[in-house]
Amino acid sequence: MASKTEMNVINISRKDCPVVQVTVYKDRAQVSCCLEVELKEGVQELHITDFVEIEEDSIRVEGKGNATIAEVSFQSEVTQEDESAIEGKEKALQDELKLLKQELENLKIPSKKEVIGKEKKLLDDFFNRAARTGIAPGNDETTSNVELAGSFLGGVREYITEYRTINYNLISDLQELEKKEEEMKKDISVIEGKLRDLRGNREPSDRKRECIVVLDSPKVSTIELTVSYVVFSASWIPSYDLRMFTDKGNLKLFYYGLITQFSGEDWNDTKIFLSTAEPSFGGNIPEIPITHLSVMEPYRPVLKSAGFGSFRGKAKKASSEMFQRCAEESIAFDDPMDDCMAAMAVPEVKVVDKTTSTSYEIARNSSIPSDNNPHKVTVAILDYEPELSYVTVPKASPNAFLRAKVVNTSAFMLLAGESSIFLDNSFIAKAILQSAAPKEEFTCSLGVDPSVRVTYKPIIKMRSSSGILAKTESNLYEQVIEVKNLHDKSVNVLVQDSLPKSTRDKIKVNLLSPVVDPKHPEKSDVRLTKFNAVEWDLTIASMATKEVVLKYSVDHPANITVESTAATISQSI
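Throughout this description, residue numbers start from 1 for each chain and increase along the sequence as written. Whole-chain, interface and lining totals are the exception, using all residues; otherwise, since this is a predicted model, local features are given only for residues with pLDDT of at least 70 and side-chain atom pairs are given and counted only at 80 or more. For side-chain calculations, the full set of non-hydrogen atoms in the structure is used, while hydrogens and water are omitted.

A. Representation of the overall build of the protein chain within the structure. If you tally the helices and strands in the protein chain, you get four helices and 29 strands. Taking all 573 residues of the protein chain together, 33% fall into the buried category. In short, Shrake-Rupley with a 1.4 Å probe defines the accessible areas, and a residue's cover is counted only from the protein chains shown. If you sum the accessible surface of the protein chain, you get close to 37600 Å²; carbon and sulfur atoms cover 52% of it. Put simply, DSSP H or I for four residues or longer makes a helix, DSSP E for two residues or longer makes a strand, and each gets a number counted from the N terminus. Accessibility here uses a 1.4 Å probe with only protein chains present; expressed as a share of the type maximum, an area under 20% marks a residue as buried, one over 50% as exposed, and anything in between as partly exposed.

Written out as structure tokens, the structure is:
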């Protein structure tokens, strides 16, 4: 494996050193490989060659054994293939090319295609002449057709048969020559391409990367070295499966890491660590910027020359006309930017907390090839006991959504990532799981539950007016919402509906029912939020039904018409 030379230099290929550990970050990875070296007494150099592209300043060498590491350096230099080897390959290709071109020329001097073509033309002319004059092969032209009536037809048949045989042979020979000519041209093109590539290789085409370690050994011994370095073509992102089992009230969170790398080397049967650190942000503390204040000078327009002003006016007019034409013709511009597995137990994962990050040690060794494809490793399977409830917004969707409120009781930092949601082993949907630190609470939706039925009944509207001189119009609205629980246990449901909000002083909106205590909303089961939404907290027994009523009035002068517009406000559930 390692070869020793005369000047106390030991050469070993990086490819012969197995990768034993990899720590993957969000945008890079630290790779550690191990090797054993037999040392003589005294100072000697170890050259580790065939490195992929790495961060040169990141290389680090540690060792075990009876020796001292005196110096570690990394060098990278451009290499090219030996000139004599290139010249030998070039001469062989040139000889092959010359032979092929000579064979192709032999088809043209004299051109076998032309000879065959002339022979075919002569045969066709002779056949046409015989057909016109009625002459059979071997007969005199002066013989009349009447005298030859008995033998002429037989002679014609023999001649046509002979003509067909000769003609087919000539066509076959011609096609064979054309096929051979095409194949030779392709072979010539391939060899010329190889010559171009070979001549291009005379320029520097590769880079030799090696680590040089100077070792001082007091005696003959065998030592073990660990070489670590950073590659940039690697990353990982989190991925989750959320599996809710409603009969047990248990939520299992499958925490995965999707690792992608194309560093140029495969990580086979390797210990993997996933780190939440982000080294790309660097270690320098930014300096605080200074804001300068000054007196604003009044704007003084600069007079433009007539020519330049005229040009700007024409350009602006042309631009406006083009925009108007596109709008009228409805021209569209393209935007260029335009399984479910059974739960299995996994070995315990070690969580290493550092000052600024967390590192997860994957329990089992993994193989991650350099193929730029995501490879899934299991970080952990976490068990939670969530607080389940339902949320319904029947004005927007007459469905009840199951919601889980969870406290992250694990030691894992849950990073924001895509999650697949399963309800009682049935796939529901995909969603983004927000990040949650240990002991932090997070909420996730678990999809629609058809066993909680919501009915949004038609709204009831009543109109009245009052006043003699300044008439006031009053509209009374009543909205009934019905929620039915078909489960065999009671459920908690949050019902949300919107109360219109006035944007003009002349329009007054009065909430008549339910009665809300604005000073102590936390003590009541009914609230009016800052988004002007009315919320009811309901507890519905098994197979029971509850109704809530939203009643309000809208008062305004009779001489104005009220216009309503709907707007959606995003709010956390």
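B. Spotlight on the nonpolar core. Judged by nonpolar contacts, the single largest core of 82 residues is most densely connected at Leu 46, Tyr 255 and Trp 267. If you tally residues by element for this core, the top one is strand β4 (residues 29-39), at six residues. In this structure, Leu 104, Met 184, Ile 188 and Ile 191 belong to the second largest nonpolar core, which totals eight residues. Nonpolar cores were defined as sets of buried Ala, Val, Leu, Ile, Met, Phe, Trp, Tyr and Cys residues, with membership established by side-chain atoms within 4.5 Å.

C. Main features of the sheet that holds strand β16 (residues 375-384). Two strands qualify as a pair provided DSSP detects at least 2 bridges between them. Spatial ordering of the open sheet is given by β16-β11-β10-β19-β20, a layout of five strands whose pairing is mixed. The sheet is open, and its two edges are formed by β16 and β20 (426-433), each paired on a single side. Going from strand to strand, the sheet's axes swing by 20° on average, the running direction of each strand aside. Inspection of the sheet shows strand β10 (residues 234-245) paired to strand β19 (residues 417-423) by six bridges, in the parallel sense. Each bridged residue has a counterpart across the sheet, and for Tyr 240 the counterpart in β19 is Ser 419. Think of each axis as a best-fit line through the C-alpha atoms, taken over the contacting stretch in the case of a helix, with angles from 0 to 180 degrees between the N-to-C directions.

D. How the structure looks around the packing of aromatic side chains. Aromatic rings from Phe, Tyr and Trp, taking only the six-membered ring of Trp, are treated as a pair when their centres fall within 6.5 Å; an angle between ring planes under 30 degrees marks them as stacked, one over 60 as edge-to-face, and anything in between as tilted. In the structure shown here, the tally under the stated rule is 10 aromatic pairs. Their ring planes at 80° and their centres at 5.4 Å tell us that Phe 51 and Tyr 229 sit as a pair that is edge-to-face. Taken together, the positions of Phe 51 in the loop between β5 (42-49) and β6 (55-64) and Tyr 229 in strand β9 (residues 221-231) put the pair 178 residues apart, joining distant regions of the chain. In this structure Phe 51 comes out as buried when scored by relative accessible area, which is 5%. Tyr 229 sits in the buried class, given a relative accessible area of 0%. Taking the centre distance of 5.1 Å and the plane angle of 45° together, the rings of Tyr 360 and Phe 412 count as tilted. Here Tyr 360 is found in strand β14 (residues 358-361), whereas its partner Phe 412 is found in the loop between β18 (397-407) and β19, with 52 residues between them in sequence. Given the relative accessible area of 0%, Tyr 360 is considered buried. Residue Phe 412 is classed as buried on the basis of its relative accessible area, which comes to 7%. Members of the aromatic cluster, each reached through a chain of ring pairs, are Tyr 240, Tyr 255, Tyr 360 and Phe 412. Positioned above the aromatic ring of Phe 254, the side-chain terminus of Arg 243 is 5.3 Å from the ring centre. Counting as a charge over the ring demands two things of the Lys NZ or Arg CZ atom: a distance within 6 Å of the ring centre and an angle within 35 degrees of the ring normal.

E. Geometry of the sheet that holds strand β17 (residues 387-393). Taken together, the six strands give an open sheet; going across it, the order is β21-β18-β17-β25-β28-β27, and neighbouring strands pair in mixed fashion. A strand with exactly one partner marks an edge of an open sheet, and here the two such strands are β21 (441-448) and β27 (526-528). Taking each pair of neighbouring strands and ignoring which way they run, the sheet shows an average axis angle of 25°. When β17 meets strand β25 (residues 491-498), the two strands line up parallel, connected through three bridges. Bridge pairing links Thr 392 to Val 495 in β25.

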